[in-house]
Structure formats: structure tokens, C-alpha cells
Amino acid sequence: MIDGKEVTVVKQEIWLQAPFQPSFAAIINEVGEKNFWTGLPREGGQILLLLENQKVKIGASLARGFYSAESRVIAIGEDNHKFYCFAIPDKFTKSQERQFLRVPIAANALFTAGNLVAQTALVNFSAGGVMVYLVPELEKILESNNKMTICLNINNIPLQLPVLLAWRKFYDNIPFAGFEFLDLTTSLQDALAGLAIKYSKFK
């Protein structure tokens, strides 16, 4: 375990996870005695929606590993630089889960399931999965409950992998869905993680 104040320092990147929402990256902009502020996390046209007193999971990738803790929203500001104020957790615990960087990307994705086919566009990707626009044809595939495969090409790396629906949600009345890669080899996962880092540096 690590003391919470060692993790919650200015310019530290953290991951915020609230129930029924994907994780979002945020930067700590200001630290007080018992709390810290971040901006309003945005990614791929979506924002992290939190309420005062809502519990959230906070994660941080440190040299010693990935650490996480539970916190809560203390206040919500009006400044984009200081939008969410969180309580500093007493301790962060080392987590075994892998946290992947997600980056926006423009690319087509083809989903197949049995005789059903759906083409849509990526919103973002990581070494763990993708977020896409949930088009009607893809809805039909999800309703079929058949095993799904995604075909896409990222930086000339062709992928054809089974996927599992992780979540679906509306943002600004537009439907999106997140899918987790299945049966991904370690080497391909590492290659995708490296691509995510590469793409993030151009943003």
C-alpha cells in the first residue's frame, strides 16, 4: 500500500471509474490538505458525469505498478481546470488489473456474427478493446446473442478478433458501445499498447 498523498500530486495522471461508465483519464491540477482537483475528463466526444458525494474508483500507474483506491466527489466547480474535487484516499492498494491507455482514432470497424454484418466507426481504442458508434446493424448483432468478431486495421496492423460487449450508453443522444478483445495474444496486446502511446503523443 501507498499513502494517498504520495499518489495525489499535481500533474499526476489518474484513472476515474464510476459505476456504469467507462474509465476516464484525468490530470490532477491542484492539491489541498484533504482533497484534490481535476478538470472535466473528456474523450471521444463523451464526458465523465459525476454527482456530489458519488463514490468513484481512482487508479494511478506508478513505477511500482498500478494502484487504486476508493474516493468520493466533494464538490463540482465551474472552471474546466478545476471541475471535480475528490477526497484524498488514505491508502492506495496495488492492483493486479491491467490499465490500458485509450486514444481517439478514426477507423472503420466491421462486426460479424453468423450471417449478420455491421459496419461502424471507431471512437477510440486501447490494448483491451474499442469504443464504437452503436449503429442499427450492430444492435441487431447484439440482439442475436451470437458470438461476435471484429475486423479492423490500426496503423497497418490487421485485426480479426472475437469481442465481448462491455457496455452501451448514450452520450448527447448518440448511442455508443464498448467491446473487450478476447483471445488476444500477449505480443499483439503489447503492440496495441505501444500504438496507443504513439497515437496519444500526436494529440
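This text goes with the structure placed above it.
Residue positions within a chain follow its written sequence, with the count starting from 1. Residues qualify for local features only when their pLDDT is at least 70, as the model is predicted, and side-chain atom pairs are given and counted only at 80 or more; totals for whole chains, interfaces and linings, by contrast, use all residues. Note that water and hydrogens are dropped before the side-chain values are worked out from all heavy atoms of the structure.

Undergrad: What's the story with the nonpolar core in this structure? I'm lost.
TA: Generally speaking, soluble globular proteins have nonpolar side chains that are buried together. Note on terminology: a nonpolar core comprises buried Ala, Val, Leu, Ile, Met, Phe, Trp, Tyr and Cys residues joined through side-chain atoms within 4.5 Å. Classification of residues uses two cut-offs on accessible area relative to the type maximum, computed with a 1.4 Å probe and protein chains only: under 20% is buried, over 50% is exposed, and between them is partly exposed. Formed by 33 residues in total, the largest nonpolar core has its most connected members in F111, F125, V130, L138, F179 and L192. Those elements giving two or more residues to this core turn out to be β12 (108-113), β13 (116-125), β14 (129-133), α2 (136-144), β15 (148-154), β16 (157-171), β17 (174-181) and α3 (186-200). Look past the residues within four positions of V130 in its chain and what remains in contact with it is L122, N124, F125, I150, L152, A177, G178, F179 and F181. Among the nonpolar cores identified, the runner-up in size contains 23 residues, and I14, F24, Y67 and Y84 belong to it. For helices the rule is a DSSP run of H or I covering at least 4 residues; for strands it is a run of E covering at least 2, with both sets numbered from the N terminus onward. The contact rule is simple, with two residues in contact once any of their heavy atoms fall within 4.5 Å.

Undergrad: Mind showing me how you'd approach the pairing of strand β4 (residues 35-38) here?
TA: The side chains of a regular strand alternate between the sheet's two faces. Between any two strands, at least two bridges found by DSSP are needed for them to pair. Two strands pair when backbone bridges link them, and strand β3 (residues 24-31) and β4 are joined in this way by 3 bridges, in the antiparallel orientation. In the sheet register, I28 faces β4, and the bridge partner there is T38. The turn joining β3 and β4, which pair antiparallel and follow one another in sequence, is formed by 3 residues.

Undergrad: What's the story with the pairing of β17 in this structure? I'm lost.
TA: Sheet topology note: the β14/β17 ladder contains 5 bridges and is antiparallel. Looking across to β17, one finds that V132 is bridged to A177. Bridge count for β16 against β17 is 8 bridges, and the pairing is antiparallel. Each residue of the ladder has a partner; that of V163, found in β17, is F181.

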